[in-house]
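Geometric and topological summary
Each chain, letter by letter, is given below.
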Amino acid sequence: MQVTTLEVRVRYAETDQMGVVYYANYLIWFELGRVEVLRGLGLSYHTLEVDHKCILPVVEATCRYRAPARYDDVILIEARPSMLRGSVLKFAYRILRKNTGDAEPVLLAEGETVHVVCDRDFNRKPLPSQYVEALKALMA
């Protein structure tokens, strides 16, 4: 199973008064990873929404926090599709702190999002075939 990895530096605006990343920002990082998975396949959310009239609302999100991220940390966002069944799509994520030198990255959080492919009226519809084929190839 292939993983898409994105490197991001924690911005000051993403932290609270303690200098720790505010918990909801991890969900934003999950979204960044999800978008990069599609982009890496030569696909895009924009095309999905405009040309195929599909939206992917999040119907469930989980995040387990393991260690804090702090201002100016370099983090790695790992994202991968983990399940595709009918109009339901699930992505898995890991957020890691990139360390200097040869030290292994530290796991900060891991989670999942579940999406249902819908039209703009929130009626379920199938994911276009080129998205299905590309995502299934990543999950093989």
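This section reports on the structure supplied with the text. This one's a predicted model, so the numbers in the text were calculated from it and none came from an experiment.

**A short note on the pattern of salt bridges**
Applying the stated criterion to the full structure yields eight salt bridges. The partner of Asp72 in a salt bridge is Arg9, and the shortest N-O contact between them spans 3.4 Å. Of this pair, Asp72 sits in the loop between β2 (58-65) and β3 (74-85) while Arg9 sits in strand β1 (residues 4-9), and the two are 63 residues apart along the sequence. The class of Arg9 is partly exposed, set by a relative accessible area of 46%. Its salt-bridge partner being Asp73, residue Arg97 comes within 3.0 Å of it at the nearest N-O pair. Placement of Arg97 in strand β4 (residues 88-97) and of Asp73 in the loop between β2 and β3 is noted, with a sequence separation of 24 residues between them. Side by side, Arg97 and Asp73 carry an identical accessibility label, which is buried.

**Thoughts on the environment of Gly42**
Relative to the elements of secondary structure, Gly42 occurs in the loop between α1 (25-40) and α2 (45-50). Between the C-alpha atom of Gly42 and that of Tyr131, which follows or precedes it by 89 residues, the distance is 9.7 Å.

**What to know about the side chain of Glu78**
Checked against the element boundaries, Glu78 lands in strand β3. Overall, the relative accessible area of 18% leaves Glu78 in the buried class. Excluding residues within four positions of it along the chain, Glu78 makes contact with Val3, Thr4, Thr5, Ala92, Tyr93, Arg94 and Leu96.

About the cut-offs
- Residues numbered from 1 in each chain as written.
- Predicted model: local features only at pLDDT ≥ 70, side-chain atom pairs only at ≥ 80, totals over all residues.
- Heavy atoms only, no water.
- Salt bridge = Lys/Arg side-chain N within 4 Å of Asp/Glu carboxyl O.
- Helix = DSSP H or I, 4+ residues; strand = E, 2+ residues; numbered from the N terminus.
- Buried < 20%, exposed > 50% of the residue type's maximum accessible area, 1.4 Å probe, protein only.
- Contact = heavy atoms within 4.5 Å.

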